[in-house]
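One-letter residues, chain by chain:
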Amino acid sequence: MRTILFLLQKEFLQIFRNKVMLRLMFVLPVVQLIVLVNAANMDMKNIRITIVDADKSSMSQRLIQDLDASPFFEVGVLVPTKADAIDLIKRNKTDVVLYIPYMLQHDSQLSHKPSVQIIADAVDATRAQLAYGYLSGIVRRLSLQWQVADVTMLQLSKIQVVSSFWFNPELNFKYYMLPGILVILVTIIGLFLSSMNLVREKEVGTAEQMNVTPVKKYQFIIGKLVPFLVIGIIELALGLIIGHLLYNIPFDGSIAVLFSFTTLYLLAILGLGLLLSSRSETQQQVMLLSYFFLLIFVMMSGVFTAVENMPLWAQKLNYLNPLYYFMNVIRGVLLKGSGFMDLWPEFVSISAYAIGSLSLAIWSYRKTS
Amino acid sequence: MNEPVISVKNLVKRFGNFTANDHLNFHVDKGEIFGFLGANGAGKTTAMRILSGLSKSTEGEVVVAGYNVNTHPEKVKQNIGYMSQKFSLFEDLTIWENMRFFAAIYGLSTAVFKERAQMLLNKLGIFHEKDRLVGELSLGWKQKLAFSVAILHRPSIVFLDEPTSGVDPITRRQFWEMIYQASAEGITVFVTTHYMDEAEYCNRVTIMVDGRIEALDTPAALKKQFAARNMNEVFLTLARPNNQ
């Protein structure tokens, strides 16, 4: 026990003496949370739309007015021909084109099937799809209104769809992003700092000096784990405070649940970091290895894309991804107020992960080669 | 009868096809200064790493401080000090912090640590600099400090792997004075070196060539055996036998 205390004292002394690292540890989360949360915005507002009005009727005027009033669209200049509009798409000056053909109003009054054309720039598929969705909604509503006004009798069966968004009623994208950024942050601390630290000692030669002392393997590993566990937890707390102050992010669930999960998660990640470092000889190697894992974990975890949309094999693969569980837990706790009873499967998985990666790390760490 | 503190029987270490240590046999007595000489790549460091429990031998029996290195490497580690070729104190800790850390690792109580550290630093004449970062010290001071740290827990043997390489002649002399002092206190010193003048300071010397021990005796006896004026000539005769 005394040995472990002195190992910890030494690690903390070294961490606090490394001013660059220390600053990085506290600047990193602040900058990430300010820049990334604001920048990585997937709200579909201000879609640039170009309208070609070949009809010039009161109906087409109504349509243009409706689009102008919508918060989703930013109506640009009207262009005379479809070719001009397509040219704008090609030059990336507009996101979507609405072509209103000649005789639209006429056709609709004669109850032909009137149609408008929507041309969307689908380089960004999500954006194109959403633009198409909003736009067709507006068009449909208009023709409905038009008919209703026209017929005056309500023959149409009026089924109204009312949507309500749960857990994030304002569809605030920041509420969705911030937990994701926090998860990445905690992971970087856990994976990079721990693995780099140990490999650095190998490079400098102090690792060998430690191996020739009677320090036991488990003592050494605990000495390396605990400091980064503490730092990781402080980072999360810091991130949550920033999230609360800057974005007023909701905290519906229990702090205890979130932090106890984070502790288990960090143990799993630190175990992985130590495992990687015991397999590497240089900081470059371990850096590249950690980066490889980090990237896969992040992209698969559902920080940026919904896991439900992934192919089945990818969803299955996510069972091996610790970030996936952390993602579920942090969003659940913050936004939904999920408690331990809702999240126990995640707890079981991450505990198994932690036990697995730590035992592998201890097993693969050799004092005698 | 002096009980040997190190006894090595038929030590073999192979890395793939390469034999780094080829059937080494020797023993070291208590309090002896035992020089381990050889050209670069002769297998000195490999043998020393096996003796100190950092590396496993392929064959043979090695007993250090009364324990078999292969079966009880951790018992051996409690009883030895080790100073590697790479400088291996923590450069971002102070002199005092380094000493406190290693003292604790070897289970010294705080009181004992303070007394010994004070004594060692006073002997070196750098007690007033105990709060300086080790990284700021010159190589000579670093090496002397590393040696002091290696014997802080009063091991029965201290292994020194080329402790004086790159160090100026004055510091080398001071370093050897420290070695003699440790030896006088009953610590066995096992030292590898390139400097043949240092070989003269050892009680006994082995010369390794290509993984084998080619000579083992006192410097005086070796010089007589090879009809040489100094250890340098002995070494050259052995290490480059076909060289004219």
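Residues numbered from 1 in each chain as written. Chains lettered and ligands numbered in written order. Predicted model: local features only at pLDDT ≥ 70, side-chain atom pairs only at ≥ 80, totals over all residues.

**Q** What should I look at first to understand the overall build of chain A in this one?
**A** A count of helices and strands for chain A gives 14 helices and 4 strands. The buried share of chain A, taken over its 369 residues, is 36%. In chain A, once contacts between residues fewer than 6 apart in sequence are set aside, the share between residues at least 24 apart is 80%. (Helix = DSSP H or I, 4+ residues; strand = E, 2+ residues; numbered from the N terminus. Buried ≥ 20, exposed ≤ 12 C-beta atoms within 10 Å, placed from the backbone. Contact = placed C-beta atoms within 7 Å.)

**Q** Any chance you could explain the overall build of chain B here in plain terms?
**A** Of the regular secondary structure elements, chain B holds 9 helices and 10 strands. Against the compact-globule benchmark of 18 Å for 244 residues, chain B has a radius of gyration of 18 Å, which places it among compact chains. With the C-alpha coordinates of chain B rotated into their principal frame, the extents come out at 55 × 40 × 40 Å. Within chain B, the proportion of its 244 residues that are buried is 43%. Contacts spanning at least 24 positions in sequence make up 67% of the contacts within chain B whose residues lie at least 6 apart. (Rg over C-alpha atoms; globule rule 2.2 N^0.38 Å.)

**Q** Before we go on, may I ask you to explain the interface of chain A and chain B in this structure?
**A** Frequently, the measure chosen for interface size is the accessible area that the parts lose on association. Across the contact, 19 residues belong to chain A and 22 residues belong to chain B. Residue assignment for the side of chain A that touches chain B shows that the elements contributing at least two residues are α1 (2–17) and α8 (206–211) of chain A. Counting residues per element, the side of chain A that touches chain B draws most heavily on α1(A), at 7 residues. When the residues that make up the side of chain A that touches chain B are grouped by side-chain class, the tally is 5 nonpolar, 10 polar and 4 charged. (Nonpolar A, V, L, I, M, F, W, Y, C, P; charged D, E, K, R; others polar.)

**Q** So what exactly am I meant to see when it comes to helix α5 (residues 139–150) of chain B here?
**A** Each α-helix turn comprises 3.6 residues. Residues three or four places apart therefore point the same way. Taking 1.5 Å as the rise per residue, α5(B) with 12 residues should run 16 Å; its terminal C-alpha atoms sit 16 Å apart, in good agreement. All of the buried residues along α5(B) are Gln143(B), Lys144(B), Leu145(B), Ala146(B), Phe147(B), Ser148(B), Val149(B) and Ala150(B). (Expected span 1.5 Å × (residues − 1).)

**Q** Got a minute to help me understand the packing of helix α10 (residues 255–278) of chain A against helix α11 (residues 283–301) of chain A in this structure?
**A** Packed helix pairs are specified by the crossing angle of their axes together with the interaxial distance, meaning the distance between the axes. All names here are of chain A. One way to put it is that α10 packs onto α11 with a least axis distance of 9 Å and a crossing angle of 140°. Considering the angle they form, α10 stands oblique to α11. For the pair α10 and α11, the crossing hand works out as right-handed. Between α10 and α11, the residues in contact are Gly-273, Leu-276 and Ser-277 and Val-286, Leu-289 and Ser-290, respectively. (Axes fitted to C-alpha atoms, helices over the stretch in contact; angles between N-to-C directions. Parallel < 35°, antiparallel > 145°, perpendicular 65-115°, else oblique. Left-handed = near helix turned anticlockwise from the far one by under 90°.)

**Q** Help me understand unusual backbone geometry in this model?
**A** Here the phi dihedral of Asn92(A) falls at roughly 65°; this positive angle occurs in a residue that is not glycine. Of note, Asn92(A) is situated in the loop between α4 (82–90) and β3 (96–100).

**Q** Looking at this structure, how should I read the sheet that holds strand β2 (residues 73–75) of chain A?
**A** Note: strands within a sheet are paired through backbone hydrogen bonds, in either parallel or antiparallel orientation. Residue and element names in this part refer to chain A. With respect to topology, 4 strands assemble into an open sheet ordered β2-β1-β3-β4, the strand pairing being mixed. In this open sheet, the two edge strands, each paired with only one partner strand, are β2 and β4 (117–120). Looking at each pair of strands side by side, their axes are set apart by 30° on average, direction ignored. Across 4 bridges, the pairing between β3 and β4 is antiparallel. (Pairing = 2+ DSSP bridges.)

**Q** What is the right way to read the confidence of the model for chain A from this model?
**A** Low-confidence regions, as indicated by low pLDDT, have predicted coordinates that should not be scrutinised in detail. Residue and element names in this part refer to chain A. With 90% of its residues at a pLDDT of 70 or more, chain A shows a mean pLDDT of 84. Least confident of the elements in chain A is helix α6 (residues 125–151), whose mean pLDDT is 73; most confident is α10, at 94. Across residues 152–160, confidence stays below pLDDT 50; counting only partners more than four residues off in sequence or on other chains, it has 2 contacts. (pLDDT = per-residue confidence, 0-100.)

**Q** Got a minute to help me understand the pairing of strand β1 (residues 4–15) of chain B in this structure?
**A** Remember that side chains alternate between the two faces of the sheet whenever the strand is regular. Residue and element names in this part refer to chain B. Strand direction decides the pairing type here: β1 and strand β2 (residues 18–29), joined by 8 bridges, are antiparallel. Bridge pairing links Lys-13 to Asn-21 in β2. What sits between the antiparallel neighbours β1 and β2 is a turn of 2 residues, in which Gly-16 has the positive phi angle 65°. Where β1 and strand β4 (residues 59–64) come together, 5 bridges link them in antiparallel fashion. Each bridged residue has a counterpart across the sheet, and for Lys-9 the counterpart in β4 is Glu-61.

**Q** I would appreciate a short explanation of the nonpolar core in the present structure.
**A** Taken as a class, soluble globular proteins show a tendency for nonpolar side chains to be buried jointly. The biggest cluster of nonpolar side chains holds 133 residues, and the ones touching the most others in it are Val158(B), Phe159(B), Val189(B) and Phe190(B). Counting residues per element, this core draws most heavily on helix α7 (residues 173–204) of chain A, at 16 residues. Sequence-distant contacts of Val189(B), that is, excluding residues within four places in its chain, are made with Ile33(B), Phe34(B), Val158(B), Leu160(B), Ile179(B), Ala182(B) and Ser183(B). Core analysis: the second largest hydrophobic core is formed by 17 residues, Ile51(A), Leu98(A), Leu104(A) and Ala131(A) among them. (Core = buried A, V, L, I, M, F, W, Y, C linked by C-beta atoms within 7 Å.)

**Q** Just to check I follow, could you spell out the confidence of the model for chain B for this structure?
**A** Residue and element names in this part refer to chain B. Of the residues in chain B, 98% reach a pLDDT of 70 or more, and the chain-wide mean stands at 90. Per-element confidence in chain B ranges from a low mean pLDDT of 85 for helix α9 (residues 231–239) to a high of 95 for helix α3 (residues 95–105). Listed scores for the predicted complex are pTM 0.80 and ipTM 0.88.

**Q** I keep staring at the packing of helix α9 (residues 217–247) of chain A against α10(A) and nothing clicks. Help me out?
**A** Residue and element names in this part refer to chain A. Across the interface, α9 lies against α10 with an axial gap of 9 Å and an inter-helix angle of 135°. Considering the angle they form, α9 stands oblique to α10. The crossing of α9 and α10 is right-handed. Across the interface between the two elements, Ile-221, Lys-224, Leu-225, Phe-228, Leu-229, Gly-232, Ile-233 and Leu-236 of α9 pack against Phe-259, Thr-262, Thr-263, Leu-266, Leu-267, Leu-270 and Leu-274 of α10. Residue classes in the contact of α9 with α10 are distributed as 11 nonpolar, 3 polar and 1 charged.

**Q** For this particular structure, what's the right way to read the sheet that holds β1(B)?
**A** Residues and elements named next belong to chain B. What the 4 strands build is an open sheet, ordered β2-β1-β4-β5; its pairing is antiparallel. Two strands lie at the open edges of the sheet, namely β2 and β5 (67–68), each paired on one side alone. As paired strands, β4 and β5 are joined by 2 bridges and run antiparallel to one another. Bridge pairing in β5 places Val-63 opposite Asn-68. The strands touched by helix α1 (residues 44–51) are β1, β2 and β4; relative to β1, the strand with the most contacts, the crossing angle is about 120°.

**Q** For this particular structure, what's the right way to read α3(B)?
**A** When you tally the buried positions in α3(B), you get 10 out of 11 residues, the bulk of the element. Every buried residue of α3(B) is accounted for by Ile95(B), Glu97(B), Asn98(B), Met99(B), Arg100(B), Phe101(B), Phe102(B), Ala103(B), Ala104(B) and Ile105(B). Contact partners of the buried residues in α3(B): α1 of chain A together with α4 (110–124) and α5 of chain B. Trailing α3(B) by a residue or two, Gly107(B) shows a phi angle of about 80°, which is positive.

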